[in-house]
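Tertiary structure, described
Okay, here's what each chain looks like letter by letter:
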Amino acid sequence: MTRKRYIKLLMACGFPRNDCQEAAQAVRVTECSYQDDMKDWLSAFRCRRIFNRTNEGLEELSRCIDILQQALGVE
């Protein structure tokens, strides 16, 4: 996955461009792959959806999960 694709996927999940660029820089510094980090984002969104005590934001989390699952080709 390219840096540009990584940033665009995070932006599609509702994050501001500057925050996405900082996240991409952090991935580069830690020498992790963008794809592995995106899988971590997906796991985090799934956990937030599971432990969400209210229905507030549930639709947004589900949308982000769908976007990342499609991009990563996982279920």
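Residues numbered from 1 in each chain as written. Predicted model: local features only at pLDDT ≥ 70, side-chain atom pairs only at ≥ 80, totals over all residues. Heavy atoms only, no water.

Some details on the side chain of Gln-69
Here Gln-69 lies in helix α4 (residues 58-72). Ignoring any residue separated from it by four or fewer positions in sequence, one finds Gln-69 in contact with Leu-42, Arg-46, Val-74 and Glu-75. (Helix = DSSP H or I, 4+ residues; strand = E, 2+ residues; numbered from the N terminus. Contact = heavy atoms within 4.5 Å.)

Comments concerning the nonpolar core
For soluble globular proteins, the rule of thumb is that nonpolar side chains tend to be buried together. Counting 18 residues, the largest nonpolar core has Tyr-6, Leu-10, Met-38, Phe-45 and Leu-68 as the members making the most contacts within it. Where this core is concerned, the elements lending two or more residues are α1 (3-12), α2 (17-30), α3 (34-50) and α4. The biggest single contributor to this core is α4, with five residues. Setting aside residues up to four positions removed in sequence, Leu-10 forms contacts with Phe-15, Cys-20, Ala-23, Met-38 and Trp-41. (Core = buried A, V, L, I, M, F, W, Y, C linked by side-chain atoms within 4.5 Å. Buried < 20%, exposed > 50% of the residue type's maximum accessible area, 1.4 Å probe, protein only.)

Quick look at the packing of α1 against α3
Between α1 and α3, the shortest axis-to-axis distance is 10 Å and the interhelical angle comes to 15°. When the axes of α1 and α3 are compared, the pair comes out roughly parallel. Once α1 is placed against α3, the crossing between them reads as left-handed. Between α1 and α3, the contacting residues are Arg-3, Tyr-6, Leu-9 and Leu-10 on the first element and Tyr-34, Asp-37, Met-38 and Trp-41 on the second. Here the contact of α1 with α3 is composed, by residue class, of six nonpolar, no polar and two charged. (Axes fitted to C-alpha atoms, helices over the stretch in contact; angles between N-to-C directions. Parallel < 35°, antiparallel > 145°, perpendicular 65-115°, else oblique. Left-handed = near helix turned anticlockwise from the far one by under 90°. Nonpolar A, V, L, I, M, F, W, Y, C, P; charged D, E, K, R; others polar.)

Structural notes on the packing of α3 against α4
At a minimum axis separation of 9 Å, α3 and α4 run at an interaxial angle of 150°. The pairing of α3 with α4 is recorded here as roughly antiparallel in orientation. Where α3 crosses over α4, the two elements pack in a sense that is left-handed. Facing Gln-35, Met-38, Lys-39, Trp-41, Leu-42, Phe-45, Arg-46, Arg-48 and Arg-49 of α3, the residues of α4 in contact are Leu-58, Leu-61, Ser-62, Cys-64, Ile-65, Leu-68, Gln-69 and Leu-72.

Details of the side chain of Asp-37
Its location among the elements puts Asp-37 in helix α3. The buried charged residue Asp-37 lacks any salt bridge partner; its closest oppositely charged side chain belongs to Arg-3, at an N-O distance of 11 Å. (Lys, Arg positive; Asp, Glu negative; His and termini not counted. Salt bridge = Lys/Arg side-chain N within 4 Å of Asp/Glu carboxyl O.)

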